[in-house]
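Residue strings, one per chain:
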Amino acid sequence: IVSGGGQDFIRPWAPEVYGIPTQQIIGSLTEIRLEQHEGKPVLVKAPKLIFIDDKEGKVISIHRFIGKRPIAAFGNSDGDLAMLQWSAAGKRRSLQALIHHTDAEREWAYDRKSHVGRLDKAMDIASKKGWVLVDMKKDWHRVFPFPRVVQ
């Protein structure tokens, strides 16, 4: 997982939900300090952003933490475009896929003009480059393995 979300936020729950070990989860970073509390060392999260893992930052963090160009990359917004292009530019055959969130009933819908999760430029490039474009509403029979609870 290479997410723009905070690494400390994603790592506690993603292994159980997605089956991905914490050492394979990269996200945005804030400053963390080691402090002594009641004679014991503890990590303290500070309100200082160190690195935003989005757009070009995703490529930098993949290089920094994994050290290899991915042969498969999946995204769902323009924030993933640089990562998809980086994956596609390798010498080996590779796979790039965009998940188009078109199902507001079962999940969330956003598109070209969304204020969050905009998928615009990446969709145009995906079409030109022959990347896989998945339409959530048309292509997925099931979005989640459990029934959605509406409150």
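Model, not experiment: these values are computed from the prediction.

A. Expanded view of the pattern of salt bridges. Under the definition given, this model contains nine salt bridges. With its nearest N and O atoms 3.8 Å apart, the salt bridge here joins D54 to K55. With a relative accessible area of 28%, D54 lands in the partly exposed category. Using a relative accessible area of 46% as the deciding quantity, one classes K55 as partly exposed. A salt bridge links D124 to R112; the nearest nitrogen and oxygen atoms lie 2.8 Å apart.

B. Spotlight on the layout of surface pockets. The computed volume of the largest pocket comes to approximately 1500 Å³. Considering the residues around the largest pocket, the lining is formed by 44 residues, among which I1, V2, Y18, F74 and N76 are closest to the centre. Among the secondary structure elements, those contributing two or more residues to the lining of the largest pocket are β1 (2-6), α1 (7-10), α2 (14-18), α3 (56-65) and β4 (72-75). The element contributing the most residues to the lining of the largest pocket is β4, with four residues. Broken down by class, the residue content of the lining of the largest pocket amounts to 27 nonpolar, 10 polar and seven charged.

C. Layout of the sheet that holds strand β5 (residues 95-100). In space, the three strands of this open sheet follow the order β4-β5-β6, with parallel pairing throughout. The open sheet is flanked by β4 and β6 (132-135), the only strands paired with a single partner. The average undirected angle you get between the axes of adjacent strands in this sheet is 20 degrees. Sheet analysis places β5 next to β6, joined by four bridges and oriented parallel. Residue pairing in the sheet places H100 in a bridge with D135 of β6. Here helix α4 (residues 81-88) sits on the sheet and contacts β4 and β5; the angle it forms with β4, its principal contact strand, is near 160 degrees.

Rules and cut-offs
- Residues numbered from 1 in each chain as written.
- Predicted model: local features only at pLDDT ≥ 70, side-chain atom pairs only at ≥ 80, totals over all residues.
- Heavy atoms only, no water.
- Salt bridge = Lys/Arg side-chain N within 4 Å of Asp/Glu carboxyl O.
- Buried < 20%, exposed > 50% of the residue type's maximum accessible area, 1.4 Å probe, protein only.
- 1 Å grid on protein atoms, 1.4 Å probe; cavity = no way out; pocket = protein on both sides within 12 Å on 5 of 7 lines; lining within 4 Å.
- Points joined across faces, edges and corners; volume = space filled by probe spheres on them.
- Helix = DSSP H or I, 4+ residues; strand = E, 2+ residues; numbered from the N terminus.
- Nonpolar A, V, L, I, M, F, W, Y, C, P; charged D, E, K, R; others polar.
- Pairing = 2+ DSSP bridges.
- Axes fitted to C-alpha atoms, helices over the stretch in contact; angles between N-to-C directions.
- Contact = heavy atoms within 4.5 Å.

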